[in-house]
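# Examination of the molecular architecture
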Amino acid sequence: MKLFLQTCFILFSFTAFAQTGQLSGRLLNAANGTPVSPAKINIVELQLFKAADLEGRFSFEKLAPGIYTVKITAPGFEEKVQSEVLITNARPTDLVLELEEKVQTSKEIKVTAAPFQRKTESPNSLKTLSATEVERLPGANRDVSKVIAALPGVAARATFRNDIIIRGGSPGENKFYLDGIEVPNINHFATQGSSGGPVGLLNVNFIREVEFYSGAFPANRANGLSSVLAFKQKDGNKDALITNFALGSSDAALTFDGPIGNKGDFIFSLRRSYLQFLFAALKLPILPTYNDYQFKFNFQLNPKNKLSIIGLGALDQFGLNQKVNEGLTDTNQIQYNNFILGNLPMQGQWNYTMGAVWQHSSKSSIQTVVVSRNMLNNEAYRYKNLIEEPQNLLQNYSSFEAENKLRFEHTYLKNGWRFNVGAGYEFAKYYNSTYQLLTIFGQPDTLDFESELNLHKFSAFSQLSRAFFNERLRLSLGLRMDGTSYSTEMRNPFNQFSPMFSASYRLTEDWAINANVARYHQLPSYTILGYRNAAGDLVNEQNGLKYIQADHFVLGTEYLLKWNARVTLEGFLKQYSNYPFSIKDSISLANIGSDFGVVGNEAVSSSSSGRSYGAEFLYQQKLYKGFYAVLAYTWVRSEFLDKNNNYAPTSWDSRHIVSLTGGKRFKNGWEFGMRWLFSGGAPYTPYDIATSSLINNWNINGVGLLDYNNLNTQRESSFHQLNIRVDKKLYLKQFNMNFYFDVQNVYGYQAKLAPILLLDTDANGQAVVDSNDPTRYQTKLIENASGIVQPTLGIIIEFVTKKTK
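All residue numbers here refer to positions counted from 1 along the written sequence of the relevant chain. Only residues with pLDDT of at least 70 get local features here, since the model is predicted, and only at 80 or more are side-chain atom pairs given and counted; chain-wide, interface and lining totals rely on the full set of residues. Excluded from the side-chain calculations are hydrogens and water; all other atoms, namely the structure's heavy atoms, are used.

## As for the overall build of the protein chain
Helix numbering and strand numbering both begin at the N terminus, where a helix is a DSSP run of H or I of at least 4 residues and a strand a DSSP run of E of at least 2. Check the secondary structure of the protein chain and you find 10 helices and 41 strands. Radius of gyration: over C-alpha atoms. The globule rule applied is 2.2 Å multiplied by the number of residues raised to the 0.38 power. Whereas a compact globule of 805 residues would reach a radius of gyration of roughly 28 Å, the protein chain reaches 27 Å, a difference of no more than 12%. Throughout this description, buried means an accessible area under 20% of the type-specific maximum (1.4 Å probe, protein chains only), exposed means over 50%, and partly exposed covers the range between. Classification of the 805 residues of the protein chain by burial places 56% in the buried group. Throughout, a residue-residue contact means that at least one pair of heavy atoms, one from each residue, lies within 4.5 Å. Pairs at least 24 residues apart make up 67% of the contacts formed inside the protein chain by residues separated by at least 6 positions. Note on areas: Shrake-Rupley with a 1.4 Å probe; residue coverage comes only from the protein chains shown. Entry remark: accessible area of the protein chain is about 33200 Å², with carbon and sulfur atoms responsible for 57%. Asp and Glu count as negative and Lys and Arg as positive, but His and the ends of the chain are not part of the count. Here the site of a charge means atom NZ of a Lys, CZ of an Arg, CG of an Asp or CD of a Glu. Computed over 79 positive and 71 negative side-chain charges, the separation of the two mean positions in the protein chain equals 9 Å.

Okay, structure coming up:
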């Protein structure tokens, strides 16, 4: 800390705040991509004005580094406000802004331009985050997946994982899009069959904006049940080659971006973790190592055609820290570490997504073609007592998922009407080889099968939207159908018919009532689709597996305030049907997905149903006079029918969720931010100690078996945490530096999670047999607390490597 402060003082002493920042951009008609001119561009804080040229271009030079608000006005178009535009000396800022045409009516109504995105298709349950909002969140350490937890409806958990739990839904109910290309997972060490993981995969240097839908999904993205996250990436710099180096809490990243000739640009990054060293220093039994890359290439082929190529990939390795007990004297801690070492599989995983987006602009329409391929390879094995000999093999798992996708969209905009129609095709290949010793219904058994599956998937969608009554009333109707070759049931797209309807009525200039009702369908995971029995039969096809269905009902209101802020209040209801139900454990898989490993590799039936409902309050203030704030509160109930047809809370039934984020930007590049979060205790299922303690069962499983007759009848303690962050930015000539000091869990709160069942051991570390019953081990429950103070010193350096213009 002393060295850090001394370094900062030396650098601050000669900082030169030269006014060499540059802002340029281009204004385009959202209907057809043609330039918008005439138009007036205003940097609000400086009251600087420029007019767009005939090609819709504009430029400001010699700007002081900082954060600005840009406002655009043009005859015949809606006003647009772009908030928190970052200007630095090292990087020219380039904006591409799309303007919506006004609906021509006999009487105009004034609608104030606001920094909050409004979409007729999604009038509620849509939140947007800018790049600066993503970067500065205290406790997130530039991890995009953690930033999402600051929004309403998103539960925070007292774990090291990034499970995205939206409005009481499981982590497997979320869909992710990167520049319009679907990405199966955005985390390292992904849980196959779900969407969680401990560390985010996306590099924040690429992110321009995040659109977060917790409902009212547009028809061309509506293949999730709880949320859709659409990440929009930055383009590469068109004037110079820029280098960015970032050192954070768990990894080091190197990013390059710049021009490719006169019509192209690129951005490329590599990251390497040192998380394994941190975990070793913290005396944790696991040693995760991850690497990733990300890139984007843009080519403006001509004024009407643009091609973007993106890529994203990761290589993850999970090792065990066999020196974790050195120097420890706490018997329970030693036994817990040995428990983890003996039961956590060695895991290796890699994945990638690559794709291209071609966009063609016509007179009143835009055509988009998206092609992509993604693949996940997952391997895990476990040996008894860590002795890797054939007779000790307990688990050997190898699997891959590969998808090849094609989607076409046609968007027509004319006289206030917006019509989107499209279709998609996908060929998927899945392979699974599983060997595992386990117990079924309390009896030892072996799971041993190999499965290969080829699937054709198809979809069609359309959405029609328009504003009426001088833009007071906005309506949108969407339709979608999905199908797959997996079974006769799923092949019929009318069985997966998904209608959706949204309405918004503006009572005054600042106050609106919004509503949405929709039906969504999601294909069960490949682990469920590809499960086979020993005879090689697709068990779940024979069981009549169906698409999971969720009906959404949302009603809310929004009020815009004068100081770049808004208040929203929404009530929601989600009704689930056809959810996979585990035949082995007699529970809904809606309860599963927040742990490492694989979800759904078992026999199921599409017989589970449930619901989640609640209310959300949001106060969101964009940067205004140096201050920003977000207060989000959610009351949520999540429950599914158990095997006795009674409603039982799911593992995501947090009840109360609070997130308070705020901060202040000071002069000379200083910034302070804080975030306090609270989440009610999650339910958990206690152990069936009588069955778990049987020697035959424990020798096979190595862990306690849960008592699903008492499904989720216990609760963990509530979780709360305070995070703070201090930033100091230095703007030198063609050179930027950002030092930050981030502390997670400032007051060191420890949440009490579900206890862990362990065996009693003797002085030699051998399991103790129950003296009253020689068929059983003697067991004990130990406390499982989570929460440590985590300080981080980070640095981001960005500089011009080579000027090309």
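## A closer look at the pairing of strand E18 (residues 286–302)
We treat two strands as partners when DSSP finds at least two bridges between them. Taken together, the 9 bridges between strand E17 (residues 264–273) and E18 define a ladder with antiparallel strand orientation. By the bridge assignment for E18, phenylalanine 266 is matched with phenylalanine 297. With 16 bridges joining them, E18 and strand E19 (residues 305–320) adopt antiparallel strand pairing. Paired with phenylalanine 299 across the two strands is leucine 307, which belongs to E19. Between E18 and E19, which pair antiparallel in sequence order, lie 2 residues.

## Side note on empty space enclosed by the protein
Rolled over the atoms, a probe sized like a water molecule indicates the empty space that remains. Points on a 1 Å grid, built from protein atoms alone, make a cavity when a 1.4 Å probe fits but cannot get out and make a pocket when they are open with protein on both sides within 12 Å along at least 5 of 7 lines; residues with an atom within 4 Å of a point are the lining residues. Grid points are joined across faces, edges and corners, and a volume is the space filled by probe spheres set on the points. This model, assessed by the stated rule, comprises 5 cavities of 30 Å³ or more. Computed from the structure, the second largest cavity encloses a volume of approximately 140 Å³. Lining the second largest cavity are 13 residues; nearest its centre among them are Leu129, Glu133, Leu137, Val630 and Thr661. Counting residues per element, the ones that place at least two in the lining of the second largest cavity are helix H2 (131–136) and strand E31 (627–641). For the lining of the second largest cavity, the element with the highest residue contribution is E31, accounting for 3 residues. Residue classes in the lining of the second largest cavity are distributed as 9 nonpolar, 2 polar and 2 charged. Charged residues are taken to be Asp, Glu, Lys and Arg, nonpolar residues to be Ala, Val, Leu, Ile, Met, Phe, Trp, Tyr, Cys and Pro, and polar residues to be all remaining types, Gly included.

## Details of unusual backbone geometry
Across the chain, the bulk of peptide bonds are trans and the bulk of non-glycine residues have phi less than zero. Going from serine 37 to proline 38, the amide bond is cis rather than trans, its omega being 5 degrees. When you line up the elements, proline 38 lands in the loop between strand E1 (21–29) and strand E2 (40–43). Its identity is not glycine, yet alanine 216 carries a phi of approximately 50 degrees, on the positive side. With a phi angle near 70 degrees, arginine 655 is a residue other than glycine that sits in the positive phi range. Among the structural elements, arginine 655 can be located in strand E33 (residues 655–665). Judged by its relative accessible area of 27%, arginine 655 falls in the partly exposed class.

## Describing a nonpolar patch on the surface
A surface patch of nonpolar side chains, amounting to about 470 Å² of accessible area, comprises Leu477, Leu479, Phe497, Phe501, Val517 and Phe553. Residue assignment for the nonpolar patch shows that the elements contributing at least two residues are strand E25 (473–484) and strand E26 (497–506). Its place among the elements puts leucine 479 in strand E25. Residues with no salt bridge and a relative accessible area higher than 30% make up the patches, which join like charges within 9 Å and nonpolar side chains (Val, Leu, Ile, Met, Phe, Trp, Tyr) within 5 Å. In the sections that follow, a salt bridge refers to a side-chain nitrogen of Lys or Arg positioned within 4 Å of a carboxyl oxygen of Asp or Glu.

## Brief notes about the sheet that holds E1
Overall, mixed pairing links the 3 strands, which are arranged E4-E1-E7 in an open sheet. Strands at the two margins of the open sheet, each flanked by one partner only, are strand E4 (57–63) and strand E7 (93–99). Mean inter-strand twist for the sheet, computed between neighbouring axes without regard to direction, equals 20 degrees. When E1 meets E7, the two strands line up parallel, connected through 7 bridges. By the bridge assignment for E7, leucine 28 is matched with glutamate 98. Interaxial angle, 0 to 180 degrees, is taken between N-to-C directions of lines fitted to C-alpha atoms, where a helix line uses only the stretch in contact.

## Describing the packing of aromatic side chains
How two aromatic rings sit relative to each other is given by the distance of their centres and the angle of their planes. The criterion for an aromatic pair is that two Phe, Tyr or Trp rings (for Trp, the six-membered ring) have centres within 6.5 Å, with stacked assigned to planes under 30 degrees apart, edge-to-face to planes over 60 apart and tilted to the rest. Scanning the entire structure with this criterion turns up 18 aromatic pairs. Ring centres of tryptophan 350 and tyrosine 352 lie 6.2 Å apart, and the angle between their planes is 0 degrees; on these two criteria the pair is classed as stacked. An aromatic cluster is built from Phe266, Tyr293, Phe295 and Phe297, whose rings are joined through pairwise contacts. In this scheme, Lys NZ or Arg CZ marks a charge over a ring once it lies within 6 Å of the ring centre and within 35 degrees of the ring normal. The lysine or arginine in question, arginine 611, covers the ring of tyrosine 647, its NZ or CZ lying 3.8 Å from the ring centre. Of note, arginine 725 hangs over the ring of tyrosine 740, and the distance from its end group to the ring centre comes to 4.0 Å.

## Re the confidence of the model for the protein chain
Looking at the protein chain, pLDDT values average 88 and 94% of them are 70 or higher. Every residue gets a pLDDT, meaning the predictor's confidence in that residue, from 0 to 100. Across residues 1–17, where pLDDT falls below 50, the model places 19 contacts with residues more than four positions away in sequence or in other chains.

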